[in-house]
Amino acid sequence: MDSILVRGGNKLNGVIPISGAKNATLPLMIASLLTSEELILENVPHLADVESLVRILTNHGVDYQVKGKRKNHNGQQGRNIHFKASEIVDTTAPYDLVSKMRASFWVIGPLLARMHKAKVSLPGGCAIGTRPVDMFIESLEAFGAKINIENGYAIASAEGGLVGAEFNFSKVSVGATHVALMAATLAKGKTVLSNCAREPEVVDLANCLIAMGAKIEGAGTSVITINGVEALHGARHRVLPDRIETGTYAMAVAMTGGDVFLQGAQASLLQNALDVLVKAGVGIEEKNDGIRVTRNGAGIKPVDITTEPFPGFPTDLQAQFMALMTIAEGDSKIKETIFENRFMHVQELARLGANITLDGQTATVHGPTRLTGATVMATDLRASVSLVMAGLAGEGETTVTRVYHLDRGFEHLEQKLSACGADIQRLSS
Ligand code: UD1
């Protein structure tokens, strides 16, 4: 298993190109199941989660071709991938593939919409919380599907096809919104979804579906209206920049000090987190083609945050922000409201010198602390990068083990950071 070795103390200076968003890429790839024509996605990041989903899609019969690296308008490299599901040869998504990545479960929506049947393994446990799939099932049932849970699988059928309906999500869910949106594009008649997730990745998916011929209004607001069509066609779509990667590197610069241009980043995708960084004393300058992040000399001020669905502070930046607050000049409170078990990084940060107390869903970070290197264990995707950040800002050597978590969601992490002066390397074993 690979690990990452960081020698702390260097400031970050230079340019970091921001990759295509993992959380937009996954539903966009799944949307390829909705049409027999070719869907071309540009700016697809090279990540383990993308490879896992490719295995699922090819098992359903999707042809897949990487047409080489292309430089985009920022001079960054992103892959263009062609997906073509001329024929769906298998409507089963087996446990050994779905269990590797939860979002694979989302194929249930397009498979039901196009093939009127699907057998998809339930995704199983997750380190950051229980993450049930009740709303996926309820929304598809509202569209007329019959779904039984048997032997660990959701077995779904919709004789004669799905039928549009009104459905209100009891809780804001990104995944459930993606799935209901995709399913409704081919359902007969009108669908009105309310209490939808407003995340930029939902808007990106809707834009791609519209390019494929879907009739969708309201994506990015709480109410999305879809008028079903007979069939969708091929399209070409560029994946939007990764707002979580953007926020992560902005916080890394805030921790180490320095001056970094996040090339291709879009401030509007993470305005709340950027506002928080400004309150903490970080320099944030929005440019046409990216965001400049600076911290020179001045200390970090403590800021309280609560994670919320978009446009609030993202749960996927909570661990990284906690790492930053360990060096703030005073106490800060971090409340996690999306996932009930997303504080596993607290104990690992403590091994690096952090002083954090937990009370239910609220962590109080007592700053400032002197961070010193140690061996720590990555526990989930975003938590693992918070440990790398603490290592970069700390004294001495930090080894982060189990970096397969990082590889799920951060493209070329070591290369991007070392190009800006970080002393970081991957140790393969
Ligand atoms: C997506 C993101 C993940 C991010 C999360 C919240 C992807 C691939 N992953 O995950 O990085 O942390 O959004 O922004 O895009 N819930 C239910 N019932 C359901 C579905 C969800 O109770 O049927 C709950 C979840 O347990 C959680 C909350 O809803 O408490 C929000 O989760 P959700 O938005 O669905 O997260 P994901 O789509 O899995």
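Here, the structure is the one placed above.
All residue numbers refer to positions counted from 1 along the written sequence of the respective chain. With the structure being a predicted model, the display of local features is reserved for residues of pLDDT at least 70 and the display and counting of side-chain atom pairs for 80 or more, all residues being used for whole-chain, interface and lining totals. Hydrogens are left out, water is left out, and the side-chain values use all remaining heavy atoms of the structure.

Participant: Can you walk me through the overall build of the protein chain in this structure?
Facilitator: Think of it this way: any DSSP run of H or I at least four residues long counts as a helix, any run of E at least two long counts as a strand, and we number them from the N terminus. On a plain count of helices and strands, the protein chain comes out with 14 helices and 24 strands. Here the radius of gyration uses the C-alpha set of atoms, whereas the globule reference equals 2.2 Å times the residue count to the power 0.38. Taken over C-alpha atoms, the radius of gyration comes to 21 Å for the protein chain, in line with the 22 Å a tight globule of 429 residues would show. Expressed as a percentage of its 429 residues, the buried residues of the protein chain come to 58%. What makes two residues a contact is simply this: any of their non-hydrogen atoms within 4.5 Å. Of all intrachain contacts in the protein chain linking residues separated by at least 6 positions in sequence, the fraction that spans at least 24 positions is 74%. About 16200 Å² of surface is accessible on the protein chain, with carbon and sulfur atoms providing 48% of the total. If the 40 positive side-chain charges of the protein chain are averaged to one point and the 44 negative ones to another, these points end up 2 Å apart. Partly exposed residues are those whose accessible area sits between 20% and 50% of the maximum for their type, while under 20% is buried and over 50% is exposed, using a 1.4 Å probe and protein chains only. To be clear on the numbers: accessible area is Shrake-Rupley with a 1.4 Å probe, and residue cover counts the displayed protein chains and nothing else. Charged residues are defined here as Lys and Arg on the positive side and Asp and Glu on the negative side; His and the ends of the chain fall outside this count. By convention, the charge on Lys lies at NZ, on Arg at CZ, on Asp at CG and on Glu at CD.

Participant: Please clarify how the sheet that holds strand S19 (residues 331-335) should be interpreted in this entry.
Facilitator: Strand pairing in a sheet is mediated by backbone hydrogen bonds. Such pairs are either parallel or antiparallel. Spatial strand order, S18-S19-S21-S20: four strands in an open sheet with mixed pairing. Two strands in the sheet have a free side with no partner beyond their single neighbour: strand S18 (305-306) and strand S20 (356-359). Strand pairing follows a simple DSSP-based rule, namely that at least 2 bridges must link the two strands. As paired elements, S19 and strand S21 (residues 362-366) share five bridges and run antiparallel to each other. Looking at the pairing, Ile-334 lines up with Ala-363 of S21.

Participant: I'm lost on the site of the ligand in this one. Help?
Facilitator: Around the ligand, the structure places 19 residues, and the nearest of them are Asp-134, Ser-173, Val-174, Asp-316 and Ile-338. Two N or O atoms count as a polar contact when they lie within 3.5 Å, although within protein this holds only if one can serve as hydrogen donor and the other as acceptor, and sequence-adjacent residues are included solely when both atoms are side-chain atoms. Here an oxygen atom of the ligand sits 3.3 Å away from a polar atom, N or O, in the main chain of Pro-132. Take Met-135: an N or O atom from its main chain is 2.8 Å from an oxygen atom of the ligand. Coverage of the ligand by the protein amounts to 88% of the 740 Å² it exposes when considered alone. Counting only elements with at least two residues in the shell around the ligand, the list comes to helix H1 (22-31), helix H5 (134-142) and helix H6 (174-185). Note that Gly is not counted as nonpolar here; it falls among the polar residues with everything else outside the nonpolar set of Ala, Val, Leu, Ile, Met, Phe, Trp, Tyr, Cys and Pro and the charged set of Asp, Glu, Lys and Arg. Looking at side-chain class alone, the shell around the ligand contains ten nonpolar, four polar and five charged residues. What counts as a domain boundary in this text is fixed by an automatic or database domain assignment. Two domains each provide a minimum of three residues to the shell around the ligand, namely domain 1 (3-16 + 241-427) and domain 2 (29-238). Whether a residue is near a molecule or strand depends on its heavy atoms: if one lies within 4 Å, it is near.

Participant: Before we go on, may I ask you to explain the sheet that holds strand S23 (residues 397-401) in this structure?
Facilitator: Strand order in the open sheet made by the four strands is S22-S23-S1-S24, with mixed pairing throughout. Every other strand in the sheet has two partners, leaving strand S22 (375-377) and strand S24 (423-427) as the edge strands with one partner each. In this sheet, adjacent strand axes meet at a mean angle of 20° when their direction is disregarded. Bridging between strand S1 (residues 3-7) and S24 involves five bridges; their strand directions are antiparallel. Bridging from a neighbouring strand, Arg-7 pairs with Asp-423 of S24. Geometry is summarised by axes, namely lines fitted to C-alpha atoms with helices restricted to the contacting stretch, and by angles between N-to-C directions that run from 0 to 180 degrees.

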